[in-house]
Amino acid sequence: MKRTTLSLIAGATALAAVTGFAALTAPDGAAAPEAKATTRLPVERAGLVCPAPSTSEVAETRYTSYTPTGTGAAKGTPGKTEQPTALLRTATNTTPADGTGKTGKKSKAPKAPATVTAPGKPVTAEAEGGSVPALTGSATGTLAPGWTVQQTTVVPAGGARGLLGLGCGAPDTDFWFPAASTAKDRQDYVHLTNPDDTAAVADIELYGPEGLLKSQFTEGIPVPAHSTVPVLLSTLTSETARRDVTVHVTTRSGRVGAAVAAADDKLGSDWIAPAADPASTAVLPGIPADATSVRLVAFAPGDDDADLKVQLATATGTIVPAGGGSLHVKSGMTAFADLPDLTRGAVGSLLLTPSDPKKPTPVVAALEVVRGKGENTEIAFIPATAAVSARATVADNRAKASTLSLTAPGADAQVKVTASAGSEGGTPVSRTVTVKGGTTTVLADLVPEGLKGSYALTVEPVSGGKVHAARTLALPEDGVPMFTVQTFVDDRGTVELPTAHQDLGVLD
């Protein structure tokens, strides 16, 4: 990776499309007009948040900003004369002394921000060292629909050694992180980043195998405007360290971006991205073929226990893992299951469904995945992810290093997969792929023609059932099988709005 000063790309606030709505009042006694069909319009503004990538002085970070082609900006809206932009800006690094975030210091600002100039071509920027700040920003106009930023960090040595990958997330008010830990050999930080002009206030709850952990400094954590607060999970509770913890982040005011940086003294490090919202079924796609350890962590946030059927979707069909076909999750408690020899040399995806379809209970879930053995190990996390509803993209793919996994848990499905132009050259390539129901299809050979640099992969459903997707990036270094897995999250490039309605009836 080039050792250049950080120059960046994009992120901050809400996604929005602007349209008008008009309706005249119906005459007395007359029925109100029925609502007309809704219309989908491209968003005019999209926001993302990237946490501070590492504290290691030997860390090297690449940011890749990308907007897919094919979705123009909404028409007839204010601000159309403005030049489209996609830009990441520095957030103040506020280091909490006691978990409250009340004290801290500013980080060095990056120089010469990089921008996306047109949809369809990735733009990259690089940084090095442990003082790289968190970033917030926004994309507007034609660059907003589907805008994505990938943050990829290589730490070649030290306690945080590993390949850390994260799709920079949209700010929100509610996040779930299964597979976190307060164990002595883990250093897990939840990063809270506020992209807005007003302060946010966040709460953090920790749930172990016995339920809610007694916590301190977890309520009313202030996150100042345009700042980030990293909180070490083990400092939030005086209870005995727990290997398996579910973290619930909510805000009582404002919005934040949230992600958990997990570092294991022996296994390596990576980011834990937010899991899909609680649901009675879950799909965890893209478990590497050579995984040496897979640990499932699940949590039931409601009042009822969950009994889950655990299955593996392989290239040929759905099977029950040896010794791990079911999992009982008590209400309000974190459950786990070790799944040894799960993939047996083939990429697969884990499917969680109610053991009794008549008793669906919402859960959140994630996987802790290890590759390698002995001292040459690396860790990554796969959160449960929702199906791609319209379009989703993961940027910063590398030739011969990226593997795309597509899983159809129900009916057969067709999807269009596009490898974008390269960041330094190359022609986009698209392919329509049929994924049979109950299977996982793997693509490792779809790259732009004449590729130079990195590229983005975009998945768009065409027909049939639901599809869940994940990308594995593998960059071995000094005998360590460094890797990271990013799930595809719908890019929300369009927003559904009611169609304007007008009642032209004449009053008597």
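Now for a quick tour of the structure. (Residues numbered from 1 in each chain as written. Predicted model: local features only at pLDDT ≥ 70, side-chain atom pairs only at ≥ 80, totals over all residues. Heavy atoms only, no water.)

1. A word on the overall build of the protein
Just so we agree on the cut-off: Each helix is a run of H or I in the DSSP string that is no shorter than four residues. Each strand is a run of E no shorter than two, and both are numbered from the N terminus. Burial here depends on accessible area, computed with a 1.4 Å probe over protein chains only, as a share of the maximum for the residue type. Under 20% is buried, over 50% is exposed, and the range in between is partly exposed. Any two residues having at least one pair of non-hydrogen atoms within 4.5 Å are treated as being in contact. Residue-level accessible areas treat just the shown protein chains as cover; the underlying method is Shrake-Rupley with a 1.4 Å probe.
Scanning the protein for helices and strands turns up 0 helices and 38 strands. Within the protein, the fraction of its 508 residues that count as buried is 54%. Long-range contacts, defined as pairs at least 24 residues apart, comprise 83% of the intrachain contacts of the protein with a sequence gap of at least 6. In the form shown here, the protein has an accessible surface area of approximately 21400 Å², with 52% of it arising from carbon and sulfur atoms.

2. Topic: a negative patch on the surface
Counted only if it meets this: Distance thresholds for patches are 9 Å for like charges and 5 Å for nonpolar side chains (Val, Leu, Ile, Met, Phe, Trp, Tyr), applied to residues having over 30% relative accessible area and no salt bridge. Throughout this description, the term salt bridge denotes a Lys or Arg side-chain nitrogen within 4 Å of a carboxyl oxygen of Asp or Glu. Residues scored as positive are Lys and Arg, those scored as negative are Asp and Glu, and His as well as the terminal groups of each chain are ignored. Charge positions are represented by NZ for Lys, CZ for Arg, CG for Asp and CD for Glu.
Together, Asp-303, Asp-304, Asp-305, Asp-307 and Asp-356 make up a region of like negative charge exposed at the surface. Structurally, Asp-305 is set in the loop between strand E20 (291-299) and strand E21 (306-313).

3. Details of the state of the cysteines
Using the following cut-off: Working definition: a disulfide is two cysteine sulfur atoms within 2.5 Å of each other.
Applying the stated criterion to the full structure yields 1 disulfide. Two residues, Cys-50 and Cys-168, share a disulfide whose sulfurs are 2.0 Å apart. Here Cys-50 and Cys-168 share a disulfide; its torsion about the S-S bond, 110 degrees, makes the bridge right-handed. Placement of the pair is Cys-50 in strand E2 (residues 45-50) and Cys-168 in the loop between strand E9 (162-167) and strand E10 (174-180), with a sequence separation of 118 residues. Like Cys-168, Cys-50 is buried.

4. Here we look at the pattern of salt bridges
Charged atoms that come close allow side chains of opposite charge to pair. What the rule picks out here adds up to 16 salt bridges. Between Arg-255 and Asp-196 there is a salt bridge, with the nearest N and O atoms lying 2.8 Å from each other. Placement of the pair is Arg-255 in the loop between strand E16 (245-253) and strand E17 (257-264) and Asp-196 in the loop between strand E11 (186-194) and strand E12 (200-208), with a sequence separation of 59 residues. With relative accessibility at 19%, the residue Arg-255 sits in the buried group. One salt bridge connects Arg-398 with Asp-396, and the closest N-O pair in it is separated by 2.7 Å. What makes Arg-398 buried here is its relative accessible area of 16%. The structure contains a network of salt bridges with shared partners spanning Arg-62, Glu-126, Asp-396 and Arg-398.

5. Concerning the sheet that holds strand E8 (residues 148-155)
Our working rule: Pairing between strands is defined by DSSP: at least two bridges between them are needed. Between N-to-C directions, angles span 0 to 180 degrees; the directions come from axes that are lines fitted to C-alpha atoms, helices contributing only their stretch in contact.
Spatially, the 4 strands line up as an open sheet ordered E6-E3-E8-E9, and their pairing is antiparallel. Of all the strands in the sheet, just strand E6 (123-128) and E9 have a single pairing partner and so form its edges. Each strand axis lies, on average, 15 degrees off the axis of its neighbour in the sheet, ignoring direction. Summarising the sheet, E8 and E9 pair through 6 bridges and their orientation is antiparallel. Counted as the bridge partner of Gln-151 is Leu-166 from E9.

6. Quick notes on the pairing of strand E19 (residues 282-287)
Across the 6 residues of E19, 6 count as buried, placing the element largely inside the fold. Summarising the sheet, E19 and strand E25 (residues 348-354) pair through 4 bridges and their orientation is antiparallel. Residue pairing in the sheet places Val-283 in a bridge with Leu-351 of E25.

7. Overview of the environment of Ala-118
By the secondary structure assignment, Ala-118 is in the loop between strand E5 (92-93) and E6. With a relative accessible area of 35%, Ala-118 lands in the partly exposed category. For Ala-118 and Thr-85, which are 33 residues apart along the polypeptide, the C-alpha to C-alpha distance reads 9.2 Å.

8. Observations concerning the environment of Ser-234
Of note, Ser-234 is situated in the loop between strand E15 (227-232) and E16. Look at Ser-234 and you get partly exposed, because its relative accessible area is 30%. Expressed as a C-alpha distance, the spacing of Ser-234 and Ala-183, which sit 51 residues apart in the sequence, is 7.6 Å.

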